[in-house]
Amino acid sequence: MDTEKFLDSIISKHQKHDPEVLVQISQCSLAVGAEGIFNSLKERLPDDISVDYSGCDGACFVAPKIHYEKDIGHYLEDISVVNSADSVVRDYIDSQTRIVLENAGTMSASGIYGYLRSRGFSALGRALEQSPEEIVDLIEGSGLKGRGGAYFPVSVKWRSALSVNSQERHLVVNAEEGEPGVFKDRHVMESVPFRLIEGALIAAYATRCTSIRLYVNAEAHLSFNRMQKALDICRAEGFLGSKIMGTDFTIEIEIMKGAGGYVCGEESTLLNTIEGKRREPRLRPPFPTESGLNQQPTIINNVETLCNLPWIILNGSDEFKKIGDIDTPGTKIISLSGSVSTPGVVEVPMGSNLQDLVIKFGDVSNINDLSGIAIGGPSSGVISSSAAANLSIGPGFIDGKSVMLGAGGVIALSKQTDVLHVVRKLSEYNANESCGKCTPCREGTQRLLEMMGTGRKGTPIDWTGLGSLAEVINAASLCGLGQAAGNPVLSYNTYFE
Amino acid sequence: MASAGEERKRRNELRRELIDKFPRDRSSLLPALHYLEETFSFLPDWGIEVLGWHLGVPPSEVYGAATSYTELSLSIPSHKTVIVCDGVACREKGAIQILEFLKEKNIDGVEIKTTDCAFMCSVAPAVSVGHTWYGRQVPDNSLAELIEG
Amino acid sequence: MTQIFINGKEISVPENSSVLDAINISGTPIAQLCKDPDMKAIGACRTCLVEIDGIRGYPASCSTPASEGMKISTKGDQLNFIRKGVLELTAGMVDSNKEDLRELSRTIDANGATADTWKSRIREKIDDSNPVFNIEMESCILCGRCAQACQSGHQFIGAIDVLGSSKHARIGTFMDRPLLESICTTCGQCLSVCPTGAISTKTKPPEVSKTITTTCPYCGVGCGIKAQVSADDTIVEMLDDPENDSSLGMLCVKGRFGYTFVHHEDRLTEPLIRRNGKLEPATWDQALDLITERLSGYDGDSFATLCSAKATNEDGYIQQKFSRLVMQSNHIDHCTRLCHSPSVEAMLTSLGSGATSNSYVDYEEAGCLVIIGSDANSNHPVAASRMRRAVVERGAKLIVINPRRIDMCDYADIWLRPRPGTDVALLNGMANVILNQGLSNENFIESRTEGYEDWSDIVSKYTPEYVESITGVAADDIAAAAHMYAAPPFSGSCLIWGMGITQHTMGTANAHGLLNLAFSTGQLGKPGSGISPLRGQNNVQGCGDAGCLPNAFPGYQTINADSVEKFSNAWGGNKLPDKSGLVVTDMVREIDNGRIKAMYITGENPLLSEPDLNHAEESFKKLELLVVQDIFLHETAQIADVVLPACSFAEKDGTFTNSERRVQRVREVVKPVGSSRPDWEIICDLARRLSVSMNLGLEEQFEYLNASEIWDEMSALTPMISGITYERLENGGIQWPCPDIDHPGTRFLYEHDFPRGPRAKFVGFDQGPASDELPTERFPLILNTGRILYHWHGGTITKRAEGLLARASELLIAISPEDGEKYQVTDGEWITVKSKRGMIEGRVSYSDKMRSGEIFVPFVKLQEHAANFLTNAALDPNSRIPEYKVCAVRLEKN
Ligand SMILES: Nc1nc2c(c(=O)[nH]1)N[C@H]1C(S)=C(S)[C@@H](COP(=O)(O)OP(=O)(O)OC[C@H]3O[C@@H](n4cnc5c(=O)[nH]c(N)nc54)[C@H](O)[C@@H]3O)O[C@H]1N2
Ligand SMILES: Nc1nc2c(c(=O)[nH]1)N[C@H]1C(S)=C(S)[C@@H](COP(=O)(O)OP(=O)(O)OC[C@H]3O[C@@H](n4cnc5c(=O)[nH]c(N)nc54)[C@H](O)[C@@H]3O)O[C@H]1N2
Ligand SMILES: Cc1cc2nc3c(=O)[nH]c(=O)nc-3n(C[C@H](O)[C@H](O)[C@H](O)COP(=O)(O)O)c2cc1C
Ligand code: SF4
Ligand code: SF4
Ligand code: SF4
Ligand code: SF4
Ligand code: SF4
Ligand code: FES
Ligand code: FES
Ligand SMILES: [Mo]
């Protein structure tokens, strides 16, 4: 049976009306009452209008929202809720470039039909009809880089794992998302869970993996539950387990919960966590691709990274390269928050200008109304608002010094905000999240705090000394956390001292 | 204090549960710790010990791992916990004011904690009450009622 | 070899070296605080940073592999700046006022770093609960070496770990409890690796003036130790020896801290002679002349001697030579009779040799380990660490068979808990499963064994269900264990056993049961498999090898016309007794019968180690002459006529042979205490005097300049050790058989054939009565006796090692809480235990290790109470070992 027929048969099995009303429930909207709306709609809508839930579309600033095509306005009289078809929402979303978040908020997250209807799993079908090598070549051609923060070329990582001879090979989906200010992987899992599954399966097929682990942040309950449900559905419908889509491809996805801490997202720490060890990074070499989970070759990819794969397979690598930057094609999901009028989740082409991004999607009238922008969380730092004009999003130090995009957190800081407090907060975060294994990070981050004057008000701050210490921490630390823990201080030195 | 007999009984019960649910492999450690925490709302010392036996991992190493994870708790939560996110984004939206407000209110039987990010910055500021998160909070009586209720 | 460049200089280093290894080989100084030379890199201290061409940043050299052509720099302004920064942060962690910062202060000085005045970071927790050492967080740099040493780096104990994270990181135990309340065994491995003195002994050892490598005097594992000796000729510290192939740099608490008995004030320093009923000091001449005079009156059949498995091979060899040649007596034995005689008996019958067939490395490589009737964690701690390595690191399966829950059960896949004394049935049951479920190795059975038919006839009725009814072990578990043993997941299977197998009236039958399992599955004669009766005393293997047995000359050359002639010729052409002599247990009976009238006992204390002590004491008191040669005035010595002060292991040269047949050097570390002399020297002196007084002309047979001369004579007469010389032993121990000078020694036996011939022999037994004495209404409980980690047998030595005594100063009567409630004794209560033969007192200790109906008491004598007042002198008919493991007792409240 070929995979297209397989898809047709599943789709025809599910041939019934789309749910007329979708309530968008994600972690953020849940916190502002989405569930209550869902419950009351279920109660008051007549039986012939079906209600279901989806994930959020990313326009968090007007959450909670519902998505409906039928006119049900009169049922909503006393409920304050926005329709995702409203222009505030449409404008926000339509001016983005959506690959990963395509159809987020407009298709059910409780069932698979909505996803299938929007060409879901046809990429996997196509992939399974090609050889794994062809997929790796295609992804190499697309220039896709990882979206977990390090922007490492996906095909290079894959090939490195493929070059190790081993009976077992593992794919670990990194859904830890512990970088403060970032909440995009949660949105992806909550709104397009099946896309993540499809992407992971394509990756596993291409890299001849024998197992897939999906490692979800311990606090992301909603993401966990939604993924678990989606996995069950996939299993029941033949998209997971043995003989996937009627082919010989057989693999399982095991879902597990982390237990907190930014450093859990660091890939080797994550492996230790899965193996039941202390939450500490491993020494490198060996790299996970050579010796990862259970000392077998292991590929670790971010949620967002994997969700690009179906699109690339369906549209081709050339189409993909038309989007974004020549060196880093495609889009990036930015988590936009802080002192902006319209915080949310926005997917924009790589290379987008930072100032434009904040102004356009944050609805900030004048960039100079801000005192600065915190970018990329505690591993990065703050820039002055004026610097934003010359910076664009992409891999590595976007300012060539100490500020990185990381997983894409952008927090606007108001004029009232003392940037020093922000730098201290970010440094404190690093100090608290330090796993405690290596001296420069464990001691150095504490020392930074002490030198920045927590508890010792009034003493002038020795910025030169702080700068030297930050350099030592970055240069000497064992893992990515410590190696970037000096950055907030260094960025302050650059832009504010 | 449980008597020697009761103590052994509850250890044996837990042990049987663990045997049913988790393979005797170190990789079961974190899932099993989650299970303990779900069952007891914290990680009791005897539970860690039983888990260690079941997995063939010395209790000190189970404890070493458990204490390395920031989200596992090793003592009984004595109060109702309210967590106020005082991350960068939430501070932009008034987290500090909320903290000050709650400190002043000093609601009985409530322990106020903070977190560095609750990962819902787009609906900042965020406050958690008993395991539920609420976004866009303001320091006023409705928040106090939410906590008291 | 790999060629690399360090600061421009080319050097070649072995494959698989790290960059740090290479730097160290080149002699370039570099900081390296968290890297222990014998353990894997941790990478925590970040002081070993280097620059490498083509690699970004400053990688830690300890965790970077050296690859061909690599260009490494250890200096440079930026690198120095960073390293100094790290060291200053490190210095900020510790209280710099402490004087003993060891490696840390040297490193800090060498790199020109200044100790930071960052007081707020000092961790204050101090754990001083352990009697020997403290852990003080204020000097800790969290390098993690101690936790590594306690875990997979060495000991696989896991009492301590790095706890918490960020600024809360610390070293501690489960629930941050005091060390003494944890599973810590006080092995001191953590102490030995700590680079800052954060873990250090309570009293700081005085300056060391020399280090001498020798062998641990306690158990048969045979760990290498390095004695640190001060200028005033005192051992001040004992270090582990990473070069030793048996211990791989590990030690247990006794090896590391138990040495203090050497300098204890109770040491015998001069001969004692009984005058008017009292032992009084005498000169060597007086004492030896007295013995000469008295001994010349006895013929060979009325003289018996007990040799010491604590003393050296050379000591043992001389003692049996003396008994045979001068006294004309084959009544020679040693404590193996009370120990592994059933194993030896069974192995001699079935294989033709009585030693452990394999090596500790086979445990590490095995796919399945069966530990039966042995509490290796307590009694062979370092071998046990190597067994745990197999389980934890390599995923080997572990089966424990023991009525009592031992610590090793924590690691077991299967724990079978038979009723005491029912192992014959259990092992037959396992064999039954193996034969009936196609798990046997037919090829091996066919080509390399005999006696299969008779044996399988016996085994056929031991179905798992039938065996369940005898042993109380579930039929399914028996089958599962049989499967696991016969078909390990990888490599082979090892059978490891101890006193729970041997010290029963069915001891020899038990041992045969084990051998039969190995034969039926072919689990011997290949790497990762084999049979291991774990040997007890440090030199019990050697004592037997040296001929301290009633029926064999050195090297197990059985007494017969040929061997008598061979040794007679070698020893000056004199007559030798040609009939086997009495074994220990029979000697006691023959004292009662008036046949044995004089005894010469070295390094054994039968009045604590024999069963039914009240009776044993009566017997020994009947002797006309009792000479005891020991290092302490123990119970037996106290009733002796003459007591001679021997040197301890630390004051003499010689060799010990450990449980894996490894002959290792013992070296004089300090001068003899008082006027004590090495055992061989005393006996040679006595032999010469007797020869003169009885006009035997044997003086020159007892003239030796040193221990090495004795070894040369012995090895020339003993083919299995002929290739071993003191010179070769300088480079580490050698495992016999080692027949010639070029032979590398033997890791495992029986690859091709057996000493008895091409075929090993199945010997079947039926299960008999579980024990000679069964519980009754008056004596309802079964007493199991054995050992604990901190004491050695009756405690003669360990009571004189302060650190050990502090960890176990009272006699604990382990009892299940159910029985506690049933007999209404509370935990911690002081009570009396009685058997038909005697009574003792001790403190009740509720233990979840015990099963209702059984109690356990170690046989150490504490506060004048010793378990052997209770035990039963029933013997195994085949090996004459007493049934120490079962007798009937009751509890009485005080
Ligand atoms: N710390 C320390 N170490 C020692 C010694 C010491 O005195 N102290 N002595 C050394 C000497 S000489 C020797 S021989 C070895 C002895 O070492 P082991 O053989 O380990 O010694 P034990 O503790 O006497 O007994 C071992 C186990 O046999 C079990 N057992 C009792 N009855 C049965 C039974 O019917 N069936 C089975 N399967 N098991 C049973 C007991 O519960 C106990 O755990 O230790 C040596 N090492
Ligand atoms: N109830 C019960 N009884 C038992 C056992 C049991 O499990 N339960 N186990 C039995 C077993 S296996 C054994 S091996 C025996 C052990 O019984 P013993 O061998 O009698 O016990 P140890 O106390 O080890 O005796 C060794 C003596 O050697 C002395 N010594 C040490 N070094 C030297 C030296 O270099 N030269 C000389 N001359 N003397 C030295 C010590 O001071 C000590 O007195 O006990 C047996 N008794
Ligand atoms: C301190 C730290 C935290 C990290 N957290 C995450 C995370 O939450 N999610 C993630 O995907 N990657 C995280 N990473 C990056 C991962 O180590 C890894 O590079 C990534 O998962 C690889 O996936 P990608 O190549 O698809 O981006 C983190 C790295 C560091 C050093
Ligand atoms: S850099 Fe920080 S987080 Fe990383 S290993 Fe070192 S202490 Fe742990
Ligand atoms: S909720 Fe506050 S800072 Fe955080 S995600 Fe804000 S939640 Fe971020
Ligand atoms: S003494 Fe031994 S068992 Fe105790 S903590 Fe140190 S290494 Fe671990
Ligand atoms: S106690 Fe010593 S060995 Fe252990 S971490 Fe601290 S400094 Fe290192
Ligand atoms: S295991 Fe045995 S030989 Fe090794 S140190 Fe301990 S007592 Fe000595
Ligand atoms: S509320 Fe929906 S995107 Fe956050
Ligand atoms: S010795 Fe290399 S990091 Fe400590
Ligand atoms: Mo023994």
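Conventions adopted
- Residues numbered from 1 in each chain as written.
- Chains lettered and ligands numbered in written order.
- Predicted model: local features only at pLDDT ≥ 70, side-chain atom pairs only at ≥ 80, totals over all residues.
- Heavy atoms only, no water.
- Near = heavy atom within 4 Å.
- Nonpolar A, V, L, I, M, F, W, Y, C, P; charged D, E, K, R; others polar.
- Helix = DSSP H or I, 4+ residues; strand = E, 2+ residues; numbered from the N terminus.
- Core = buried A, V, L, I, M, F, W, Y, C linked by side-chain atoms within 4.5 Å.
- Buried < 20%, exposed > 50% of the residue type's maximum accessible area, 1.4 Å probe, protein only.
- Contact = heavy atoms within 4.5 Å.
- Buried area = accessible area lost by both parts, 1.4 Å probe.
- Salt bridge = Lys/Arg side-chain N within 4 Å of Asp/Glu carboxyl O.
- Polar contact = N/O pair within 3.5 Å; in protein donor to acceptor, adjacent residues only side chain to side chain.
- Domains from an automatic or database assignment.
- Pairing = 2+ DSSP bridges.
- Axes fitted to C-alpha atoms, helices over the stretch in contact; angles between N-to-C directions.
- Parallel < 35°, antiparallel > 145°, perpendicular 65-115°, else oblique.
- Left-handed = near helix turned anticlockwise from the far one by under 90°.
- Phe/Tyr/Trp six-rings, centres within 6.5 Å; stacked < 30°, edge-to-face > 60°.
- Lys NZ or Arg CZ within 6 Å of the ring centre and 35° of its normal.

In the vicinity of ligand 4 lie 13 residues, with Cys435, Cys438, Cys441, Cys479 and Gly482 of chain A positioned nearest. Class assignment for the residues of the shell around ligand 4 results in eight nonpolar, four polar and one charged.

All names here are of chain C. Taken together, Cys216, Tyr218, Cys219, Val221, Gly222, Cys223, Leu251, Cys252, Lys254, Gly255, Pro381 and Val382 make up the full set of residues adjacent to ligand 8. Mapped onto the shell around ligand 8, the elements with two or more residues apiece are helix 6 (253-257) and helix 12 (381-394). Considered class by class, the residues forming the shell around ligand 8 number nine nonpolar, two polar and one charged.

Attention now moves to the nonpolar core. Judged by nonpolar contacts, the single largest core of 151 residues is most densely connected at Leu295, Phe322, Met387 and Leu644 of chain C. Among the elements that line this core, the one with the most residues is helix 26 (residues 679-693) of chain C, at seven residues. Filtering out sequence-adjacent residues up to four positions away, Met387 of chain C remains in contact with Tyr363, Leu369, Ile371, Ala376, Met408, Ile496 and Leu534 of chain C. Counting residues in hydrophobic clusters, the runner-up holds 100 residues, among them Ala104, Leu171 and Leu448 of chain A together with Cys121 of chain B.

With that settled, consider the interface of chain B and chain C. Interfaces are often sized by the amount of accessible area the parts lose when they come together. Taken together, the contacts link 19 residues of chain B with 25 residues of chain C. A buried area of about 1700 Å², summed over both sides, lies between chain B and chain C, and 52% of it is on carbon and sulfur atoms. Considering only the surface of chain B that becomes buried against chain C, Arg8, Ser60 and Tyr63 of chain B emerge as the three largest contributors, covering 31% of it. For the interface between chain B and chain C, the tally reads two salt bridges. At the junction of chain B and chain C, the tally comes to seven residue pairs in polar contact (both at pLDDT 80 or more). For the side of chain B that touches chain C, the secondary structure elements donating two or more residues are helix 1 (4-21), helix 3 (45-55) and helix 4 (59-68) of chain B. Considering each element in turn, the side of chain B that touches chain C owes the most residues, eight residues, to helix 4 of chain B. Looking at side-chain class alone, the side of chain B that touches chain C contains seven nonpolar, six polar and six charged residues.

Attention shifts here to the pattern of salt bridges. Residues and elements named next belong to chain C. Tallied over the entire structure, the rule returns 81 salt bridges over all chains. Here Arg851 and Glu854 are joined by a salt bridge, their closest N and O atoms 3.0 Å apart. With a relative accessible area of 9%, Glu854 lands in the buried category. Through salt bridges with shared partners, a single ionic network connects Asp285, Asp289, Arg677, Glu681, Asp685 and Arg689.

Moving on: the domain arrangement of chain B. What the domain assignment reports for chain B is domain 1 (4-66) and domain 2 (80-148). Placing the centre of domain 1 of chain B and that of domain 2 of chain B at their C-alpha centroids yields a distance of 33 Å.

Moving on, we get to the sheet that holds strand 18 (residues 397-401) of chain C. All names here are of chain C. An order of 19-18-17-21-22 is seen for the five strands of this open sheet, with the pairing classed as parallel. The sheet terminates laterally at strand 19 (414-416) and strand 22 (530-533), the two strands that pair on one side only. Averaged over all pairs of adjacent strands, the angle between their axes in this sheet comes to 15°, without regard to strand direction. In this sheet, strand 21 (residues 493-497) lies alongside strand 17 (residues 368-372) in parallel orientation, the contact comprising five bridges. Bridge pairing in strand 21 links Val370 to Leu495. Against the sheet, helix 19 (residues 507-521) engages strand 17, strand 21 and strand 22, with an angle of about 175° to strand 21.

What follows is about the interface of chain B and chain A. Residue-level contacts link 34 residues of chain B with 51 residues of chain A. Taken together, both faces of the contact between chain B and chain A bury some 3200 Å²; the carbon and sulfur share is 56%. Between chain B and chain A we count three salt bridges in total. Between Lys425 of chain A and Asp86 of chain B there is a salt bridge, with its nearest N and O atoms 2.9 Å apart.

As for its placement among the helices and strands, His34 of chain B is situated in helix 2 (residues 29-40). Distance from His34 of chain B to Trp46 of chain B, taken between C-alpha atoms, is 15 Å for residues 12 residues apart in sequence.

Turning next to the packing of helix 8 (residues 313-326) of chain C against helix 26 of chain C. All names here are of chain C. One can describe the packing of helix 8 onto helix 26 by two numbers: an axis separation of 8 Å at closest approach and a directional angle of 20°. When the interaxial angle is binned, helix 8 and helix 26 end up roughly parallel. Crossing of helix 8 over helix 26 shows left-handed handedness. Within the contact between the two elements, helix 8 uses Glu314, Asp315, Ile318, Gln319, Phe322 and Val326 and helix 26 uses Asp679, Trp680, Ile683, Cys684, Leu686, Ala687 and Leu690. Split by residue class, the contact of helix 8 with helix 26 holds nine nonpolar, one polar and three charged.

For the coordinates displayed, the defined rule picks out 34 aromatic pairs over all chains. For the ring pair Phe121 of chain A and Phe239 of chain A, a centre distance of 4.1 Å and an interplane angle of 20° mean the geometry is stacked. On the criterion of sequence distance, the pair formed by Phe121 of chain A in the loop between helix 5 (113-117) and helix 6 (122-128) and Phe239 of chain A in the loop between helix 11 (221-237) and strand 7 (253-257) is long-range, its members being 118 residues apart. Residue classification places Phe239 of chain A among the buried residues on the basis of a relative accessible area of 0%. Each ring, one from Tyr63 of chain B and one from Phe174 of chain C, has its centre 6.1 Å from the other, and the planes form 85°; the classification is edge-to-face. Of this pair, Tyr63 of chain B sits in helix 4 while Phe174 of chain C is found in the loop between strand 8 (170-173) and helix 5 (189-193), placing the two residues in two different chains. A relative accessible area of 6% places Tyr63 of chain B in the buried class. Through a chain of ring-to-ring contacts, three or more aromatic side chains come together here, namely Phe6, Tyr115, Phe121, Phe194 and Phe239 of chain A. The lysine or arginine in question, Lys257 of chain A, covers the ring of Phe224 of chain A, its NZ or CZ lying 5.0 Å from the ring centre. Over the ring of Trp736 of chain C we find Arg661 of chain C, and its NZ or CZ is 6.0 Å from the ring centre.

In this section: the environment of Ser337 of chain A. Within the secondary structure, Ser337 of chain A sits in strand 9 (residues 331-338). On the basis of relative accessibility, which here comes to 0%, the residue Ser337 of chain A falls in the buried class. Beyond its immediate sequence surroundings of up to four residues, Ser337 of chain A is in contact with Phe183, Pro343, Val410, Ile411 and Ala412 of chain A together with Ala89, Cys121 and Ser122 of chain B.

With that out of the way, let us pick up unusual backbone geometry. Here the residue pair Arg284 of chain A and Pro285 of chain A is connected by a cis peptide bond, since its omega of -5° sits within 30 degrees of zero. Counting through the fold element by element, Pro285 of chain A comes out in the loop between helix 12 (267-274) and strand 8 (298-302). Cis geometry is adopted by the peptide bond preceding Pro286 of chain A, which originates at Pro285 of chain A and carries an omega value of 0°. One can find Pro286 of chain A in the loop between helix 12 and strand 8. Here the phi dihedral of Met245 of chain A falls at roughly 50°; this positive angle occurs in a residue that is not glycine. With respect to the helices, strands and loops of the structure, Met245 of chain A is situated in the loop between helix 11 and strand 7. Judged by its relative accessible area of 0%, Met245 of chain A falls in the buried class. Even without a glycine there, the phi angle at Arg880 of chain C is positive, about 65°. The residue Arg880 of chain C is located in the loop between strand 36 (854-858) and strand 37 (887-893) in this model.

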